[in-house]
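Notes for the structure review
Residues per chain, in single letters:
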Amino acid sequence: MAKTEILTGNYAVAYAAKLSRVQVISAYPITPQTSIVEKLDEFVESGELNAKYVRVESEHSAMAACIGAAATGARAFTATSSHGLMYMSELVWWAGLGKFPLVMAVVCRALAPPWSIWSEHNDVLAHRDSGWIIFFAEDNQEVLDLIIQSYRICEDERVLQPVMVALDAFILSHTSMPVSIPEQSDIDEYLPTPGSRRKPFILDPDDPLTHGNLTYPEYFMEIRYEIEKSMNSARRVIIEAGRRYGEITGRYYDSLVEDYRCGDADIVLVNVGSSCGDAKEAVDLLRDEGYKVGLLKLRTVRPFPFEDLRRICSGKRYIGVFDRNYSFGYGGILHCEVSSALSGIKVPIQGFIGGLGGRDITLDDYVWVFKILVDMADRGVEPKPPIWVGLRGVV
Amino acid sequence: MLKQLSWLILLLEVVELSYILPVSKPSEGASGFTGIWRSFKPVIDVGKCRKCLLCWLYCPEAAIKRVGDDYMSVEVDYRYCKGCGICANECPFKAIIMVKEG
């Protein structure tokens, strides 16, 4: 029987890694990720988890150690945040472009200056193009479920790419919620035997090989295309892994998106991460008042849920995209992605920016956002540049 | 003659046919005949050579071959020697001189 415990998002990550029987953990502490690796270290020290904990002097080395472990077929795990992720960046790309299946939890935190330890998605989205599968979690249960599923996804022969699970700083990482922890025996059955992976290649002293050597232009593009093929296959593998996970836990994740009352909605807001919970509440509130609104939560940012987005958003009166990130000189990163995915579909798309540096995104904020979208739809006006929600002294 | 060899020597060896990977197996000259990069060539004066094998030990490209019945004589594999001059620098007996390629 699964048991329910009150866990922070960070402990949910640590429990999930333990349930996944990770074999190599290498990480460097950074607020607000620290309690993930502290808890894992406890598990290793107490003998509850049989893993090698590699202490390193930086995130760059942490990812290098995980890549080395993954190259031998071992199940590797790391976690970081914000500046740690940026310091790790070179090796993040190396893992993605080199097809090293491993899992990393990223506790999303704003980049300085000004110094901040609170949530913002720019750290993860800066690695959007690095060949990693990127999940955003809404609550601590989803955090635990995603980490476990990520091992099944990344070690699948059709994928073999690393996976990043993003959770919002403090809102998830340090907030306690009831989390159902599956039985170890169920997860043992759900995941492949740790260390049994032999693809895409394995480092073996008895059969040596060189990986990632200088590659002339004649061969380079095919290697890149191989990653794109894996990303495309990942769409199906993620859904299969989510369905199978539902069979053993009762929690089904059978789509790259979560469609919350979008079916008959006129207005749909696209969002990722923890604030989807507030947005759902706003949807319920406005539905009671007679507004036909819905929320479309993207579970993955890579691979991008292109088909789902086009299917759900076509025929709507107005689409809003809420970004907890910003690309200076353009707008919200997801707004840009959604707009490109919906090209050819005649629907106006308005961007909203909010929650930067951990600014609260409240229920009232989402009600305000939905009402602006309703108003714009009623008046038939064209989308404006992104609207900054709750910006003091301007709006 | 070496310079006429094509660069189209297969760099990559695809280990698993189902994946295209940047993976190569250790083999002689996996990057082709790199001797064509050379602008100076080491020439060994066999008369001065005392068979100490320091050139063989120091050559970063393993382009010094041990030959002869006792494998104690040396010669340069010009297919792969890039002409770095380390052997000439290390030779205690000045038995290797660097000659500009023609």
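Relevant structure appears above.
This report concerns the structure included in the present document. (Residues numbered from 1 in each chain as written. Chains lettered and ligands numbered in written order. Predicted model: local features only at pLDDT ≥ 70, side-chain atom pairs only at ≥ 80, totals over all residues. Heavy atoms only, no water.)

The next subject is unusual backbone geometry. In the segment running from Ala 112 of chain A into Pro 113 of chain A, the intervening peptide bond is cis, with an omega of -5°. Relative to the elements of secondary structure, Pro 113 of chain A occurs in the loop between strand 5 (103–108) and helix 5 (122–125). Going from Arg 302 of chain A to Pro 303 of chain A, the amide bond is cis rather than trans, its omega being -5°. Positive phi, normally seen in glycine, also occurs at Phe 170 of chain A, with a value near 65°. Within the fold, Phe 170 of chain A resides in the loop between strand 7 (163–168) and strand 8 (176–181). Although it is not a glycine, Leu 53 of chain B sits at a positive phi angle of roughly 70°. Residue position: Leu 53 of chain B is located in the loop between strand 2 (40–44) and helix 1 (54–58). (Helix = DSSP H or I, 4+ residues; strand = E, 2+ residues; numbered from the N terminus.)

Residue and element names in this part refer to chain A. Where helix 9 (residues 276–288) contacts helix 12 (residues 363–379), the two axes come as close as 8 Å, and the packing angle between them is 60°. Put simply, helix 9 runs oblique to helix 12. Crossing of helix 9 against helix 12: the hand is right-handed. Residues Asp 278, Ala 279, Glu 281, Ala 282, Val 283, Leu 285 and Leu 286 of helix 9 form the contact with helix 12, whose own contacting residues are Leu 363, Tyr 366, Val 367, Phe 370 and Lys 371. (Axes fitted to C-alpha atoms, helices over the stretch in contact; angles between N-to-C directions. Parallel < 35°, antiparallel > 145°, perpendicular 65-115°, else oblique. Left-handed = near helix turned anticlockwise from the far one by under 90°. Contact = heavy atoms within 4.5 Å.)

Residue and element names in this part refer to chain A. Across the sheet, 7 strands lie side by side as 3-2-4-5-7-6-13; this open sheet has mixed pairing. Whereas interior strands pair on both sides, the edge strands pair on one side only; in this sheet they are strand 3 (52–55) and strand 13 (300–302). Recorded for the sheet is a direction-independent mean angle of 20° between the axes of neighbouring strands. The sheet contact formed by strand 5 and strand 7 spans 6 bridges and is parallel. Looking across to strand 7, one finds that Met 104 is bridged to Met 164. Sheet strands touched by helix 3 (residues 59–71): strand 2 (24–27), strand 3, strand 4 (76–80) and strand 5. Its angle to strand 4, the strand with the most contacts, is close to 160°. (Pairing = 2+ DSSP bridges.)

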